[in-house]
Structures are given as C-alpha cells and as structure tokens.
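# Summary of structural features
Okay, here's what each chain looks like letter by letter:
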Amino acid sequence: MEANAGLVAGSHNRNELVVIRPEGEVGPKPLHHLSVQICHICNEDVGFTVDGELFVACNECAFPICRNCYEYERSEGNQVCPQCKTRFKRHKGSARVEGDEDEDDVDDLENEFNFGDRDKQDMQYIAEAMLHGHMSYGRGGDTDMPHVVQTTLPQVPLLTNGHMDPGIPPEHHALVPSFMGGGKRIHPFPYADSNLPVQARSMDPTRDLAAYGYGSVAWKERVENWKMRQEKMQVTRNEGGPLGGGKDWDPDGNGPDGPDLPLMDEARQPLSRKLPIPSSRINPYRMVIILRLVVIGFFFHYRVMHPVNDAYGIWLTSVICEIWFAFSWILDQFPKWLPIDRETYLDRLSLRYEKEGQPSGLAPVDIFVSTVDPLKEPPLVTANTVLSILAVDYPVDKVSCYVSDDGAAMLTFEALSETSEFARKWVPFCKKFNIEPRAPEWYFQQKIDYLKDKVQPSFVKDRRAMKREYEEFKVRINALVAKAQKVPEEGWTMQDGTPWPGNNVRDHPGMIQVFLGHTGGHDTDGNVLPRLVYVSREKRPGFNHHKKAGAMNSLVRVSAVLTNAPYMLNLDCDHYINNSKALRESMCFMMDPTVGKKVCYVQFPQRFDGIDRHDRYANRNVVFFDINMKGLDGIQGPIYVGTGCVFRRQALYGFDAPQAEKEPTRTCNCLPKWCCCCCKSRKKNKKVKVKQEKKKKKSKRSDASLPIFNSEDVEVVEGIESEKLAFISQIKLEKKFGQSPVFVSSTLLENGGVPQNASPASLLKEAIHVISCGYEDKTDWGKEVGWIYGSVTEDILTGFKMHCHGWRSIYCIPPRPAFKGSAPINLSDRLHQVLRWALGSVEIFLSRHCPVWYGYGGGLKWLERLSYINATVYPWTSIPLVAYCTLPAICLLTGKFIIPELSNIASLWFLALFICIFTTGILEMRWSGVAIDDWWRNEQFWVIGGVSAHLFAVFQGLLKVLAGVDTNFTVTSKAGDDDDFSELYAFKWTTLLIPPTTLLIMNLIGVVAGVSNAINNGYESWGPLFGKLFFAFWVIVHLYPFLKGLMGRQNRTPTIVIVWSILLASIFSLLWVRINPFIARSDGPSLEECGLDCDSN
C-alpha cells in the first residue's frame, strides 16, 4: 500500500471517489500504478529476460522479484523463493552457483508436508473462492491494470503407472500440474479454475520424489524421530512421576509441579501460567465471607422481628435499605471468590515465534485509536498516543495503526500528517536506545535519572537533539490548534486548494489517507515504519451513526479490508503505550497453543498520569482494577472496560468459542455384556445423548442471538469448492456482515491476511464502501457483530456478548503498566464521567441484553453472570443510599431512632456484623496488595457518586428508555490556577452537586439540633444520642472529599450551590416539623383529669 498517495474520499451510495493529491504534484493521480511488475523486495521494476519476456524468478508461484534481487538471493542469500520457499532455478544468462547440479536432492519439507495447517488452508480456499467472481484482481476488467494476453500451453500427455511411453520425449516423462497460468494473476488460485490453463511440470520417474517435494529418506527419518518424541511426551503426561503426575497433569503448567515442569524444549513450554493466591491469605478471606453471611442472617432476623413502634416509618425504610445493601454486597462479593494472578514468559514467546534467520512468526495486530473533537481531545495528546504505537517493540510489518476521526476535523488530519513526519525521527531514537515510555511528552517529563542503564556515548547528544526536535514539533501542533480556533466562512481548504471534504461535520463523505505504508514509510535510518492510516467514516443526515461504537465498527471493517490482522488493540486517544512490550504480553496468551484458542480478549488495567498524590476522588479505581478484576479472572475473565484491550477478531464477529473435546466417559465394566440391565441402560443413554445433540443443533440454528454459523462447523465439511461454498450461504453471510465480498471473505480467515494479488485501488474502493453510512442497514452489526449498540457504555455490552458465546477473557498485569492515560481529577468532571458510566448500566438493565434474563443456555458461568448483574444494577443502589443518608438527620431532629433499645444478645449481633465488615476489607487488602488509603477513598467515593451521579443516571435512564426524553447535563468551566494540579481546585457548576450538598447540610443541622436537645434535656439524653451521632458522622465522613471539593483551595463556593442547598434543607426541615409523620398520634382527645378542681370557688 503506497503511503502519502493522497487522501481518498468518497461515498459508495453516491458512486463517488476522489483522490486529493499532496501539494506539489501535478496532473491526475490514479489510485495505483501497475503498468509494470514491481519487485516486492526493492520496489524496482522486475524487468525482462534476454529474450524480451517478463522476468519470472520463480516458476512455481511467480513471486515478483527483479533480476538483481534474484542474482543476490542465489549468490549471497538462501537461494529460495521468499513466497513458496522453492529453490530458484538457474535462468538463461545467470551465473551458475553452488548447488545447481544437485537440485534433485533439494526438498521443501516445512511447506510440502505441513498437514497440521490443512484446515486453515481450507479457510483460505473459501475466502479466495468467494472473491473470485466479485473482485477483479488482476483481471482484464481493471482499468488501472495492464492488459496481458493469456497464452495456451501445449497439451502434453501424462505418464501413467510409471511406464515409459516411447512417443513421449524424455524431458516430458511425467507431468505435475501447477496452477500458474499464463495470465497476469501473480499468485495461484487456491482452487481449480477452468478458465486458467495448466502449466506442466516435468518429472522423471527414475529420480527420487524428494526432488519434487514429495518425500525422501531424510523426511521419513525426521517423521519417525518426531513420532518418538511425541510418544515420549504422551507417556510423560499420562504416567505418574516427576514429569507427569497422571491426572494432575495440567497443560497450562498450573499443576502441583507446574512451575518446575521440565518440558522437552524451552520453546515448547507454556507462554504463561496462573499464580493462585496463597491459601494462607485467601482461605481466611473466604471463611470470613461465610461467617458474614451467617451474621447477616441473624442480624436481619432481629431487625425484622423487633420493629420500632413509635417510629415505624423510619424503621421500615432502614430495613428495606439494609436488605438492598446486603443483596448488593452479595453481587459484588462472590465474583471475587477465586482471584488469581498471572505471569508471562516473553523469552519463550521469542524462542517459539522469532527464530534466528527466519521471518517473525508473531501474529499481526491492528491498533485502533478513536477521537472526535480535537478541541476537547488535544491533538498533541493523540499524537503522543500514535507515536507510542509506531515505536512499539513488535515487528514493524505486523503493526498497523488506524486513527478514527469521527469529527472529520481538518485539524486532526493535519496533526496526524505532522505526526507521521516526526515519527521518522522519533521511532529510530526509541529503538536505538530502548527508552521507556515511548510517548515523547511523558518521556521528557519524567523526573528520573535518564542516564541509568545507558552505555552508548552518543545518547546524551542524541537525546538533546531529539528533545529539540520534539519541542519544534509541539510548536507546529500548537500553531495548528491556534489556527483552528476560528473557522473561515468558506470552510477549510487543503494545501492544493481543494475544499476539505469534512467541512460539514454531519454531512460528508468517507475519507481514508495512508500516511505510512509499504512504500514511503521509512524512518531516517532507512528502516520500514508501521502502517498509519487516517479514517473518517461517511456521515449523512437521517442516519444513526451510534457514536463511538459505530466508529469502532467502521475501523474493524476498514482494517479487515486493508490488513486483516487476526488481533486488534483499541486505545482511547489519551491512552499511550507505556510498556513497549505490551503487545508481546498479550500474545503470550493469544498465541499460547494450550489456552489461546478460547481467549476472546486480553484486558489490561487502566493506569493514569497527572493524578494528585492523595487521589481525592478515587480516579485510579484501584479497588476495581486490583481486586474485582483479579477475582473475575479466576472465573471466566474480566469485563471489557473500553480501552487497553487486545481482541481476537473472530470473537468480535459473533462466532462461538471453540468447544474443548471432552474425555470419553467410562462404561460399565462391572458385569458382562450380556447383562440386560447394563445393555438397556447403555442404549437408553445413547438415545438420550443423540436427542440432546439434535436439540442443541436445532436451537443453535434457530436462536437469532447466536451466530449464523460456527467457525468449527466449516472445518467439518470436506472438499474445497462445491461442498463448502454450498454449506456457507453467501446470502446469510451478507445479511450478517454486509454486502462487501472482500470483507465477507476476510471473516473466514481465522489467521487473518489479505489476498496478496489484490490491487490497492480495489482495496481502497472497498474500504470506502465499508465505511459508508448505510452499510450496516439490515445487518447484524451492533446486534451480534462488533461493538454492540444500545448503551453509552458499549464496552460492558460487547464483552458480555462474547462471554455469552462461550469465550473467556484474560487479565494481564505486567510489572510495568502497559498503558497509561489521563483522568478527570476535577470533582465536577469526575462526577460527569461516573454519570455516563451509570447511565450506560441503566440502559443495559432496561434492555433485552440485561444479564438478569439474557444469555441463558450459552457459555456464561453463573459467577460471571453475577458480576455482570452487579455492573448493571449498581446505579439503583443510589435510591436506598440517599434515603439511608437522610435518616441520621431525621433521627436527630425527631429524637427517634431506627432500632429499639438493644439487649445483650442483639448487641453481639451488631458488634459481630461490624467486625466482619472491617475484617473482610482488611483481608481483601491483604491478598490484593491494595493500600488502605486507596480502599478508603473508594468507600468514600462510592457514597459520593451514589448520592449524586448514580441517582441522576437512574432518572435520566428511565426518561430516555421509557419516555424517549434524552436529557444532557452540561458542564461549564471556571478558571483555575496555573500549577500542576490547578484542575483539582477548579470548580465547575453542575446539577449533580445539589443532592450531596443538601445531605451534608441536613446532617450538620441534625448534629447541631441533637446536641442542643441533649444539653437542654440533661444527662439521661446523652446515651441515646451517641448512636444517632455515629450514624450522622458516618455520612459526613464519607462526604468529606466532596466538601473539600466544594470549598476549593480558596474556599470559593458558588453562591448558587449554597442558596439551593440551604433552601432545600430549610424546606425539608419545616415540612418535617409541620408533618412529623413518625411520631405516634392518639385517636382522640385525652380524657385524663388534669388534677385541678375547676368547680371550686
């Protein structure tokens, strides 16, 4: 794919396609030039032979190589074709090299006898066959392709049964067909095409078949040795002993002797292993959980059986709230029952897939970066993310970066162009000196000894020069941002005077620009850079574009057409790669033969920069990422959190997870076969199993929530052409994935890849097609395929659907954080972020995808289901939480309490409950390593978010789902200070601040009223007051960070907040005094005598 060939913009529905040329180019520029064959090694013309014909280096696959590269490979290289690994023949005019006379002894064992990949090759056959007839790769219909006349080869009789035919010349004793025709198709068809002639390959029956790649004595010896090693390994696994352990054998290396398991070869050992939490830490934790359940049962028995008659209303309210809190705790607690850690082995990954002298075997990865508004998401931040991706420690030909500009902003386009130029200098600097992190902004900001472990004398000089280059790059980016502040009346224009296609954000064509690619993507040292592609999907009025989820699905389709890597990493624009080996960490799970087949994604924890040391508003979310996610990893895997996640492409396409083969069950051997009972029972069991399998197959095909076909089903049907194409209905595929033959065929390739004979012109046209605004109409996109629509938190819904299909996920916590991002440290921004998350959970709870009733009968485990239920139910806790935080003020103002006078036994249950609560938290911090201040900040913000953002999310979700009213809470900024954490003290007004402020004032008023009442009533009233004061102080202490956020550094609280809060608190207090509903009233007037004699004179 040619880099910097111009911006391709177009609309498939309108049949428009335009190429906007870079500045300085004149005349029309076609999408691709193929007037001559181009060498795939040096990018020069292939040239012609001495006879004037097109030079073909390899007679087997016709891989395009020029004469110079061919001569170099024969004299200095390994003398084989890079494409098919067949030894090069000597052409006329070429010098003879060593080995030309001994070509009969050359074989190609690694490719000719690779029977293990037959199923994968069959999938390649299907994809190529589907493209045949839809795409004109190299056919005469391509206007930008040279026309080559096909020639008919002479018919040569075949040799049969090994007998010599005197009518056949000696050089034509035997013939082996090769699918290399005389047409211009570079690579052979993977299926027989009757339209292509067959080229004959001479074969002498007196010679060894190894000369033609069909076996030899050496091959037989290698096969026998391999079988012996496999038998030895099987005996080791099955028999007891230090290597196996019989039934304790664990292919993951997690058995009793797993960590020290000596395998035959270092490269064959597992790439990762589980590290269970030590029993000395986890077992006491589980015991306390069970004990807490028992104590809760006795506690609620006492609470229900001992009502407070003179304050029945507040007693009933408190009991209902406490029951909900107990239910919420169960949903949160039990998914943490089986926490685990994991360890990866990057050295084993390199030994297995990066052998010396051979191309890297690591799988390609497509990386997605999404951005919308460059004024809210600064281009410099996005540029740093892109630079860290381009400099990642991974084979450059395996990495492709796609940037989605969903706002069609010319500022983002120009900033990305500047970034691609700076990357030519930054990437070689990073790889030369192995620096971390590889985002320049954060690398130059870190306050560490940057000379540590640096031994090259030129490092200091090069670092200073690179820092100067980066500062100049920042100046150019800032100049673009300043220029973009004022939009011209006629709209933006590009450098060549062409109007920017995205001037109308809501009505513009799709746009694709390849900044770095196969050609033109080299750094200053001449090394190839990873691909960098700019994508802006088409937008038209009247279409629902589904926000971020729709943009991610567009990237999935574009990447499938252009590169089709089997794995994908998605990052927010403010999350850069902090660990350059992050992709290798994920491949230790994805490419592990023992555990990788069922892994749908590898989730990394989110880590953040720029947060204050005390983390006032729990922005780091340490409890969730270091406790909850580890617990889920021991069940079926963590939930998807929206960024920092490596996906398996096939899992996103809605396929079911591959089913593990179950071991055969033991039959009844206790009695002879003539035993009637056993025979009958066997027959009965067989019939039942057959019926169950039929029902399962029926339900699989009839359930609309399941994929139309399973990837495993494709491998069952034999044949290449007719049977498989009949089995996979093209109509069903287009209904599922859309009407793009290129994309549909790519979904069948489990290991990814695109047809190498496809022209870039055709691929770019198809890429414009798949990002058109109407492509997803009447398809399964957003329903069963890709990111799922229906919620603003599409991440939870997408991961939930994959788990329902039987996949599992992995939680990877490398020693150095894989990714780092920025978090809103301001109170209002933080609450607004939590509001969005909670709103998405409410939308999922009110949809058909609610985990309470969706996905039964699939592969979702029940503890994993509990975690998803908790993720969608938690916003509803805000209603009882607000009521419970109001009760202390009511109790202090009325003199009543939610519990009656306690007996000694009741006091024990209350005391035991508090001890269990604190012990659970302490043991949880012990096995997870979470600090007590992080745990306490999480508890505080649970209350702050619950009484503000979660409460608004519930009502906003109800209005949106039930009434169709979409309410947005906007945030306006107020100026802050110019220091490191000025944003922490800046105040931004939002409606979310009113409920917690009101609760604070009400409880403070209640404390003052309660203490005043105790002073007036004497000593006896102080005893009952302590319980009420403890209740009120519990609320105030949890809301203390919120109070600090209101005050700010200079104690400047907006007048509107104080006025609203005092007004609401006063209204509630006056209503309470007037109504006083919780005090028992008499039915009639009191008839008791007052003690005075009114009749006496």
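Residues numbered from 1 in each chain as written. Predicted model: local features only at pLDDT ≥ 70, side-chain atom pairs only at ≥ 80, totals over all residues. Heavy atoms only, no water.

This next bit is on the sheet that holds strand 1 (residues 7-11). Strands belonging to one sheet form pairs held by backbone hydrogen bonds; the direction of such a pair is parallel or antiparallel. Spatially, 10 strands are ordered 2-1-9-10-8-7-11-15-13-16 in an open sheet, and the strand pairing comes out mixed. Both edges of this open sheet fall to strand 2 (16-20) and strand 16 (808-811), since each of them pairs with a single strand only. Taking the axes of each pair of neighbouring strands and ignoring which way they run, one obtains an average angle of 20 degrees across the sheet. Judged from the 4 bridges that link them, strand 11 (residues 567-572) and strand 15 (residues 645-648) form a sheet pairing that is antiparallel. Looking at the pairing, asparagine 570 lines up with cysteine 645 of strand 15. Contacts between helix 9 (residues 410-433) and the sheet are confined to strand 1, strand 7 (365-371), strand 8 (399-405), strand 9 (510-516) and strand 10 (531-536), with strand 9 contributing the most and set at about 15 degrees to the helix. (Pairing = 2+ DSSP bridges. Helix = DSSP H or I, 4+ residues; strand = E, 2+ residues; numbered from the N terminus. Axes fitted to C-alpha atoms, helices over the stretch in contact; angles between N-to-C directions. Contact = heavy atoms within 4.5 Å.)

On to the environment of glycine 840. Tracing the sequence through the fold places glycine 840 in helix 23 (residues 827-845). In sequence terms glycine 840 and threonine 793 are 47 residues apart; their C-alpha atoms lie 4.7 Å from each other. In this structure glycine 840 touches Ser791, Val792 and Thr793, once residues within four positions along its chain are discounted.

Moving on, we come to helix 14 (residues 622-633). With 12 residues, helix 14 should reach 16 Å at 1.5 Å per residue; the first-to-last C-alpha distance of 16 Å fits that figure. Counting buried positions over the 12 residues of helix 14 gives 11, a clear majority of the element. Within helix 14, burial applies to Val622, Val623, Phe625, Asp626, Ile627, Asn628, Met629, Lys630, Gly631, Leu632 and Asp633. (Expected span 1.5 Å × (residues − 1). Buried < 20%, exposed > 50% of the residue type's maximum accessible area, 1.4 Å probe, protein only.)

Our focus in this paragraph is the pairing of strand 6 (residues 340-344). What you see with strand 6 is a clean split: Ile340, Arg342 and Thr344 sit on the buried side and Asp341 and Glu343 on the side with no burial. Direction of pairing for strand 5 (residues 272-276) relative to strand 6: antiparallel, over a ladder of 5 bridges. Following the sheet pairing, arginine 273 is matched in strand 6 by glutamate 343.

With an omega dihedral of -10 degrees, the bond running from glutamate 436 to proline 437 counts as a cis peptide bond. Among the secondary structure elements, proline 437 is positioned in the loop between helix 9 and helix 10 (440-445). For asparagine 434, which is not glycine, the phi dihedral falls at a positive 55 degrees. Looking at the secondary structure, you find asparagine 434 in the loop between helix 9 and helix 10. Phi is positive for lysine 547, which is not a glycine, with a value near 50 degrees. Take lysine 547: it is sitting in helix 12 (residues 547-562).

Our next topic: the environment of glutamate 843. Tracing the chain through its elements places glutamate 843 in helix 23. The spatial distance from the C-alpha of glutamate 843 to the C-alpha of threonine 793 is 8.8 Å, given a sequence separation of 50 residues. For glutamate 843, the residues in contact, after removing those within four places along its chain, are Gly790, Ser791, Val792, Lys960 and Val961. Within polar-contact distance, the side chain of glutamate 843 engages the backbone nitrogen of valine 792 at 2.9 Å. (Polar contact = N/O pair within 3.5 Å; in protein donor to acceptor, adjacent residues only side chain to side chain.)

Let us now look at the packing of aromatic side chains. With the rule as written, the count across this model stands at 48 aromatic pairs. Considering the side-chain rings of phenylalanine 845 and tryptophan 853, the 6.4 Å spacing of their centres and the 50 degrees angle between planes classify their relative orientation as tilted. Ring pairs connect the aromatic residues Phe422, Trp426, Phe429, Phe433, Tyr443, Phe444, Phe459, Tyr470 and Phe473, which therefore count as one cluster. For the cation-ring pair, arginine 830 lies above phenylalanine 941, with the distance from its terminal atom to the ring centre recorded as 4.6 Å. (Phe/Tyr/Trp six-rings, centres within 6.5 Å; stacked < 30°, edge-to-face > 60°. Lys NZ or Arg CZ within 6 Å of the ring centre and 35° of its normal.)

Moving on: a nonpolar patch on the surface. Taken together, the side chains of Phe914, Ile917, Phe918, Ile922 and Phe1030 present a nonpolar region at the surface, about 520 Å² in accessible area. When residues in the nonpolar patch are grouped by element, the largest group, 4 residues, is from helix 26 (residues 904-928). For isoleucine 922, the location among the structural elements is in helix 26. Look at isoleucine 922 and you get exposed, because its relative accessible area is 53%. (Patch = residues over 30% accessible without salt bridge, like charges linked within 9 Å, V, L, I, M, F, W, Y side chains within 5 Å. Areas by Shrake-Rupley, 256 points an atom, 1.4 Å probe, with all protein chains shown as cover. Salt bridge = Lys/Arg side-chain N within 4 Å of Asp/Glu carboxyl O.)

This part is about the nonpolar core. Within the largest apolar cluster, 138 residues are counted, with the highest numbers of intra-cluster contacts made by Leu562, Phe647, Tyr653 and Phe743. Looking at this core element by element, the count peaks at 9 residues for helix 5 (residues 279-305). Leaving out residues up to four positions away in the same chain, phenylalanine 647 has contacts with Pro566, Tyr567, Met568, Asn570, Met590, Cys600, Tyr601, Tyr640, Leu652, Trp787 and Met802. Ile367, Phe433, Ile435 and Phe459 belong to the second largest nonpolar core, which has 75 residues in total. (Core = buried A, V, L, I, M, F, W, Y, C linked by side-chain atoms within 4.5 Å.)

In this section: the confidence of the model for the protein chain. Mean pLDDT over the protein chain: 75, with 68% of residues reaching 70 or higher. Confidence drops under pLDDT 50 across residues 170-203; counting only partners more than four residues distant or on other chains, this segment forms 92 contacts. The low-confidence segment residues 207-215 (pLDDT under 50) makes 24 contacts with residues lying over four places distant or belonging to another chain. (pLDDT = per-residue confidence, 0-100.)

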